[in-house]
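The lines below spell out each chain.
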Amino acid sequence: MSVETFLAWKILPRFMMLIMTLMSWRVVEWFMSLPDPTNAQAGLVSVVTGAMTGAFAIWMNHEGK
């Protein structure tokens with residue numbers, strides 16, 4: 001596979017988006033399984049989901065170009 005083909009298929013950004021999606025999913029699953037979550041744990045989930053939202057918006061903007 002040539003470098004041009006690799007870049008044209010945008011494999012790395014798509015792989016990173018997949019990994020971020022899985023990470024976000026696992027964090028939410030972890031949080032929902034806690035018997036008595038604290039404010040710090042809720043803050044962590046909020047930051048992770050907020051970062052995912054931002055990353056998804058940037059990724060979608062670049063995919064449309």
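Heads up: the structure comes first, above all this text.
Q: Looking at this model, I keep getting lost on unusual backbone geometry. Mind explaining?
A: Only a minority of non-glycine residues have a phi that is not negative, and only a minority of peptide bonds are not trans. Although it is not a glycine, Lys-10 adopts a positive phi angle of roughly 55 degrees. Inspection of the secondary structure assignment puts Lys-10 in the loop between helix H1 (3-9) and helix H2 (11-33). Residue Lys-10 is classed as partly exposed on the basis of its relative accessible area, which comes to 28%.

Q: Just checking my understanding: could you explain the packing of aromatic side chains for this structure?
A: The relative placement of two aromatic rings is captured by the distance of their centres and the angle of their planes. Applying the stated criterion across every chain yields a total of 1 aromatic pair. Look at Phe-56 and Trp-59: their rings are 6.0 Å apart centre to centre, the planes differ by 45 degrees, and that puts the pair in the tilted class. In this pair, Phe-56 and Trp-59 both sit in helix H3 (residues 39-63), 3 residues apart, roughly one turn of the helix. For Phe-56, a relative accessible area of 43% puts it in the partly exposed group. Given the relative accessible area of 23%, Trp-59 is considered partly exposed.

Q: Would you take a moment to explain a nonpolar patch on the surface for this structure?
A: Together, Met-1, Val-3, Phe-6, Leu-7, Trp-9, Ile-11, Leu-12, Phe-15, Met-16, Leu-18, Ile-19 and Leu-22 line one region of the surface with nonpolar side chains, adding up to about 1,200 Å² of accessible area. Going through the elements one at a time, H1 and H2 are the ones with two or more residues in the nonpolar patch. Ranked by the residues each element gives to the nonpolar patch, the list is headed by H2, at 7 residues. Accessibility expressed as a relative area gives 41% for Ile-19, which makes it partly exposed.

Q: Is there a simple way to explain the environment of Ser-46 in this structure?
A: For Ser-46, the location among the structural elements is in helix H3. Its relative accessible area of 47% is what places Ser-46 among the partly exposed residues.

Q: Any chance you could explain the pattern of salt bridges here in plain terms?
A: A side chain of one charge can pair with a side chain of the opposite charge if their charged atoms are brought near each other. Applying the stated criterion across every chain, the model contains 1 salt bridge. Close ionic contact of Glu-29 with Arg-26 constitutes a salt bridge, the shortest N to O distance being 2.9 Å. With Glu-29 and Arg-26 both in helix H2, this residue pair falls 3 residues apart, about one helical turn.

Conventions used here
Residues numbered from 1 in each chain as written. Predicted model: local features only at pLDDT ≥ 70, side-chain atom pairs only at ≥ 80, totals over all residues. Heavy atoms only, no water. Helix = DSSP H or I, 4+ residues; strand = E, 2+ residues; numbered from the N terminus. Buried < 20%, exposed > 50% of the residue type's maximum accessible area, 1.4 Å probe, protein only. Phe/Tyr/Trp six-rings, centres within 6.5 Å; stacked < 30°, edge-to-face > 60°. Patch = residues over 30% accessible without salt bridge, like charges linked within 9 Å, V, L, I, M, F, W, Y side chains within 5 Å. Areas by Shrake-Rupley, 256 points an atom, 1.4 Å probe, with all protein chains shown as cover. Salt bridge = Lys/Arg side-chain N within 4 Å of Asp/Glu carboxyl O.

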